[in-house]
Amino acid sequence: MSELKKDLEGLNGWLMIVGMGVLFTPLRMLFVFPEMYVNLFNSANWGDMITPGSGAYNAAWKPLMFTEVAFNCAMLLASLVLIYLFFAKKRRFPMLFIVLQVAGILFIVCQSMIIHLILPTEPLFDPDASADLMRSMLAALIWVPYMLVSERVEQTFVE
């Protein structure tokens with residue numbers, strides 16, 4: 001292996017930033033999501049959303065929210081696998097990283113579209129969804145090409 005290729009091996013350079021994101025993503029999920037879901041499911045609004053005959057009722061609310069919880073649990077598990085793949089320098093890391101980036105964006109869009117079908121007078125993307133979508137798209141625009149073309153990524157994830 002050439003000396004230049006040897007210098008590009010390892011969890012250094014821009015991969016350190018990727019690693020911080022990989023580590024902090026599940027931590028953020030563990031702190032944000034439980035509070036968000038506890039507040040939603042314990043609120044009077046939730047009761048109105050799933051009670052036939054109430055003004056906020058729509059049969060789609062319950063499956064939508066449980067699908068969101070299931071998706072976020074799956075993303076949490078996948079992000080824990082991603083941590084292992086990152087530090088073990090496994091060959092599958094870059095592809096799983098890309099899949100999770102794209103899945104996050106697609107989920108935000110699909111969820112927003114479904115909510116818009118349920119509440120057609122509401123904007124397609126509320127401020128929170130817009131911020132999440134922009135943050136996810138920006139991260140994907142930066143890190144997906146990096147995973148695909150970086151020599152360091154190619155030289156590091158070889159196990």
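Residues numbered from 1 in each chain as written. Predicted model: local features only at pLDDT ≥ 70, side-chain atom pairs only at ≥ 80, totals over all residues. Heavy atoms only, no water.

**Regarding the packing of helix 2 (residues 15-41) against helix 6 (residues 127-149)**
Okay, step 1: It is at 12 Å that the axes of helix 2 and helix 6 come closest, and there the two elements cross at 125°. Between helix 2 and helix 6, the angle falls in the class oblique. Considering only the axes of helix 2 and helix 6, their crossing is left-handed. Residue-level contacts link L15, I17 and V18 of helix 2 to W143, Y146 and M147 of helix 6.
Okay, step 2: Residue classes in the contact of helix 2 with helix 6 are distributed as six nonpolar, no polar and no charged. (Axes fitted to C-alpha atoms, helices over the stretch in contact; angles between N-to-C directions. Helix = DSSP H or I, 4+ residues; strand = E, 2+ residues; numbered from the N terminus. Parallel < 35°, antiparallel > 145°, perpendicular 65-115°, else oblique. Left-handed = near helix turned anticlockwise from the far one by under 90°. Contact = heavy atoms within 4.5 Å. Nonpolar A, V, L, I, M, F, W, Y, C, P; charged D, E, K, R; others polar.)

**Quick word on the pattern of salt bridges**
Okay, step 1: Per the stated rule, a full pass over the model turns up one salt bridge.
Okay, step 2: D132 is the salt-bridge partner of R135, the closest N and O atoms lying 2.6 Å from each other. Of this pair, R135 and D132 both sit in helix 6, three residues apart, roughly one helical turn.
Okay, step 3: What makes R135 exposed here is its relative accessible area of 51%. (Salt bridge = Lys/Arg side-chain N within 4 Å of Asp/Glu carboxyl O. Buried < 20%, exposed > 50% of the residue type's maximum accessible area, 1.4 Å probe, protein only.)

**A few points about helix 6**
Okay, step 1: The first and last C-alpha atoms of helix 6 sit 33 Å apart over 23 residues, in line with the 33 Å expected at 1.5 Å per residue.
Okay, step 2: Residue A140 marks the point of greatest curvature in helix 6, where the axis turns by about 30°.
Okay, step 3: Burial in helix 6 covers these residues: A129, L133, A140, W143, V144, Y146 and M147.
Okay, step 4: Where the residues of helix 6 are buried, they touch helix 2, helix 5 (93-118) and helix 7 (151-156).
Okay, step 5: You can read the cap of helix 6 off the contacts: a side-chain oxygen lies 3.1 Å from the backbone nitrogen of D128, and it is on D126. (Expected span 1.5 Å × (residues − 1). Bend = angle between axes of the 7 residues up to and from the residue. Polar contact = N/O pair within 3.5 Å; in protein donor to acceptor, adjacent residues only side chain to side chain.)

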